[in-house]
Amino acid sequence: MPELTSSQREFRTAMANLSAAVNVVTTDGAHGLAGMTVSAACSVTDSPPTVLVCVNRSSRSHGILVANGRICVNVLGADQEDLAMHFAGATKVPTAQRFTEDCWDLESEGVPVLRGAPASLIGRIIAERAQGSHSVMFVEVDKVLTSEDSGALVYFQRRFHSLTPLSA
């Protein structure tokens, strides 16, 4: 891998100071089962409900996500750092084993949905645009599942942090 330019290093340092929700993006279908941890995801519009997800094109999951076309953006809760690490590849747990835990619903929606996630957004990729090393995937959401009081997992300064809901 080539050495980073000073501009790239400065950009990465700045982006480390941008807090981001932690998500596990999943898919299943004719091209296989896949999932990955993603912090570059956000809402685009509610008319129609659409989110965007940025995925490195060199990722093993990239081609599977695009080929299957249907994905779930599972927003992780405060106590789900272990899942984030598994799906980031940091624990060396093989992909198929990542989905063997009972926390996954592999049947109901045609894509893996994380039971009890603060939010799971299920939809299809309607557009994809290459930008540098990544693809920006626009996902039209056709089903939303939410859970209450689970807090949030965020990524800030290259580490995970748990946020708990404020009491009323």
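The structure this text deals with has already been given above.
Conventions used here
- Residues numbered from 1 in each chain as written.
- Predicted model: local features only at pLDDT ≥ 70, side-chain atom pairs only at ≥ 80, totals over all residues.
- Heavy atoms only, no water.
- Helix = DSSP H or I, 4+ residues; strand = E, 2+ residues; numbered from the N terminus.
- Rg over C-alpha atoms; globule rule 2.2 N^0.38 Å.
- Buried < 20%, exposed > 50% of the residue type's maximum accessible area, 1.4 Å probe, protein only.
- Contact = heavy atoms within 4.5 Å.
- Areas by Shrake-Rupley, 256 points an atom, 1.4 Å probe, with all protein chains shown as cover.
- Pairing = 2+ DSSP bridges.
- Salt bridge = Lys/Arg side-chain N within 4 Å of Asp/Glu carboxyl O.
- Axes fitted to C-alpha atoms, helices over the stretch in contact; angles between N-to-C directions.

Now for the overall build of the chain. Secondary structure summary: the chain contains four helices and twelve strands in total. Relative to its length of 168 residues, the chain is compact, with a C-alpha radius of gyration of 16 Å against a globular reference of 15 Å. A burial count over the chain gives 38% of its 168 residues as buried. If you take every contact in the chain between residues at least 6 apart in sequence, the share linking residues at least 24 apart comes to 62%. Surface summary for the chain: the accessible area is close to 9,600 Å², and the carbon and sulfur share equals 53%.

Attention now goes to the sheet that holds strand β11 (residues 152-156). Reading across from one edge, β1-β11-β12 is the order of the three strands in this open sheet, with antiparallel pairing throughout. Two strands close off the open sheet at either side, each with one partner strand: β1 (20-21) and β12 (159-163). The pairing of β11 with β12 spans five bridges and is classified as antiparallel. Among the inter-strand pairings, Tyr-155 is bridged to a residue of β12, identified as Phe-160.

The tally for this structure, following the rule as stated, stands at three salt bridges. In this structure, Arg-70 and Asp-142 form a salt bridge, with 2.8 Å as the shortest nitrogen-oxygen distance. In this pair, Arg-70 sits in strand β6 (residues 70-75) while Asp-142 sits in strand β10 (residues 134-146), placing the two residues 72 residues apart along the sequence. Close ionic contact of Arg-115 with Asp-102 constitutes a salt bridge, the shortest N to O distance being 4.0 Å. Residue Arg-115 is found in the loop between β8 (113-114) and β9 (119-131), and its partner Asp-102 is found in the loop between α4 (95-98) and β7 (104-105); the two are separated by 13 residues along the sequence. Since its relative accessible area comes to 69%, Asp-102 is described here as exposed.

On to the sheet that holds β6. Reading across the sheet, the seven strands line up as β3-β2-β6-β9-β10-β5-β4 and stay open at both edges, with antiparallel pairing between neighbours. This sheet does not close on itself; its edge strands, each paired only once, are β3 (34-38) and β4 (41-46). Across the sheet, the mean angle from the axis of one strand to that of its neighbour is 30 degrees, orientation sign disregarded. Relative to β10, strand β5 (residues 49-56) is paired through seven bridges, and the arrangement is antiparallel. Opposite Val-53, over in β10, you have Met-137 as the bridge partner. Packed onto the sheet, helix α2 (residues 60-68) meets β2 (23-27), β3, β5, β6, β9 and β10 and runs at close to 115 degrees relative to β3.

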